[in-house]
Amino acid sequence: MSEPLKIGVLISGSGTNLQAIIDEIAAGRLNVQVVKVISSRPDAYGLKRAAEAGIPTVSLNRDVYADRAVADSLIVSEFRNAGAEYVVMAGYMRMLGPIVLDAFPDRVLNLHPALLPSFKGAHAIQDAFDAGVKVTGVTVHFANAEYDKGPIIAQRAVPVRENDTVDTLEERIHEVEHELYPWVLAHLAAGDITVAEDRKVHIANA
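Residues numbered from 1 in each chain as written. Predicted model: local features only at pLDDT ≥ 70, side-chain atom pairs only at ≥ 80, totals over all residues. Heavy atoms only, no water.

A. How the structure looks around the overall build of the protein chain. Each helix and strand in the protein chain was counted, giving 7 helices and 9 strands. The C-alpha radius of gyration computed for the protein chain amounts to 16 Å, which stays within 12% of the reference 17 Å derived for 206 residues, consistent with globular compactness. Along the longest, intermediate and shortest principal axes, the C-alpha atoms of the protein chain span 50 × 40 × 35 Å. Residue pairs in contact within the protein chain that sit at least 24 positions apart in sequence constitute 61% of those at least 6 positions apart. A total of about 10200 Å² of accessible surface is found on the protein chain, and carbon and sulfur atoms cover 49% of it. Averaging the positions of the 19 positive and the 27 negative side-chain charges in the protein chain gives two centres separated by 1 Å. (Helix = DSSP H or I, 4+ residues; strand = E, 2+ residues; numbered from the N terminus. Rg over C-alpha atoms; globule rule 2.2 N^0.38 Å. Contact = heavy atoms within 4.5 Å. Areas by Shrake-Rupley, 256 points an atom, 1.4 Å probe, with all protein chains shown as cover. Lys, Arg positive; Asp, Glu negative; His and termini not counted. Charge placed at Lys NZ, Arg CZ, Asp CG, Glu CD.)

B. Here's a closer look at the packing of aromatic side chains. Applying the stated criterion to the full structure yields 0 aromatic pairs. Between the NZ or CZ atom of arginine 94 and the centre of the ring of tyrosine 65, over which it lies, the distance is 3.9 Å. (Phe/Tyr/Trp six-rings, centres within 6.5 Å; stacked < 30°, edge-to-face > 60°. Lys NZ or Arg CZ within 6 Å of the ring centre and 35° of its normal.)

C. Representation of the pattern of salt bridges within the structure. Overall, the coordinates contain 8 salt bridges when judged by the stated rule. Between glutamate 24 and arginine 29 there is a salt bridge, and its shortest N-O distance comes to 2.8 Å. With relative accessibility at 57%, the residue arginine 29 sits in the exposed group. Across the pair lysine 36 and glutamate 78 runs a salt bridge whose closest N-O atoms are separated by 2.7 Å. In this pair, lysine 36 sits in strand S2 (residues 32-39) while glutamate 78 sits in helix H4 (residues 68-82), placing the two residues 42 residues apart along the sequence. Classification of lysine 36 as buried rests on a relative accessible area of 13%. (Salt bridge = Lys/Arg side-chain N within 4 Å of Asp/Glu carboxyl O. Buried < 20%, exposed > 50% of the residue type's maximum accessible area, 1.4 Å probe, protein only.)

D. Representation of the nonpolar core in the model. Residues Ile7, Val9, Leu109, Ile153 and Leu185 are the most contacted members of the largest nonpolar core, which totals 40 residues. Per-element tally for this core: the top contributor is helix H7 (residues 166-189), with 10 residues. In contact with valine 9, other than residues within four places in its own chain, are Leu18, Val34, Lys36, Val37, Ile38, Phe79, Val88 and Ala90. (Core = buried A, V, L, I, M, F, W, Y, C linked by side-chain atoms within 4.5 Å.)

E. The sheet that holds strand S3 (residues 57-59), seen in detail. The strand order across the open sheet formed by 7 strands is S3-S2-S1-S4-S5-S6-S7, and the pairing between neighbours is mixed. Every interior strand has two partners, whereas the edge strands, S3 and strand S7 (152-159), have only one. Strand-to-strand twist across the sheet, computed as the mean angle between neighbouring axes with direction ignored, equals 20°. Sheet topology note: the strand S4 (residues 86-89)/strand S5 (residues 108-112) ladder contains 2 bridges and is parallel. Counted as the bridge partner of valine 88 is leucine 109 from S5. Sitting on the sheet, helix H2 (residues 45-52) touches strand S1 (5-11), S2 and S3, and the angle it makes with S3 is about 160°. Running over the sheet, H4 touches S1, S2, S3 and S4 and is turned about 155° from S2. (Pairing = 2+ DSSP bridges. Axes fitted to C-alpha atoms, helices over the stretch in contact; angles between N-to-C directions.)

Take it as geometry only, folks, not as evidence of what the structure does.
Okay, structure coming up:
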């Protein structure tokens with residue numbers, strides 16, 4: 001097996017997507033190494049998940065984020081020093097600026113709980129539910145300077161059931177997230193993912 005793909009993970013909360021990645025690595029199904037986890041909040045439970053898996057962590061706070069350039073420069077420094085090849089946002093609730101995006105061009109991944117380009121923003125699940133759509137889903141994309149608009153890597157649909165509440169819909173969306181993100185990372189580690197000149201993403205062996 002080739003050397004594992006080295007990733008740095010950004011979190012803000014419970015870290016369930018981080019845990020899904022950790023579990024797939026532990027099961028031998030994902031040739032990836034999480035070299036560092038950075039949280040935008042010192043109380044994020046995802047930091048505990050990382051520590052229990054033996055992953056180095058860094059926790060930031062509001063004072064650091066008072067100047068986004070300072071925060072982004074710190075993120076770049078920490079991930080580069082750890083040897084990260086890609087940056088993976090897993091429930092990271094802050095927008096990354098050009099300092100990070102330029103340091104990792106087409107190497108910053110984001111997960112969005114809707115089928116982009118529909119329902120951008122922080123309330124995608126609620127917005128889709130309120131709109132009465134019959135199908136929503138999950139998108140993994142490369143982040144760029146435009147919020148929720150980078151090249152789409154993969155999507156998976158989630159039907160909205162007649163008896164769904166926002167909570168039940170959110171639960172099923174998270175289940176799909178926990179499957180789709182490791183799937184994308186597996187193809188990334190295998191070298192299957194490329195971004196064409198037209199900015200469309202192609203996946204070999206999908």
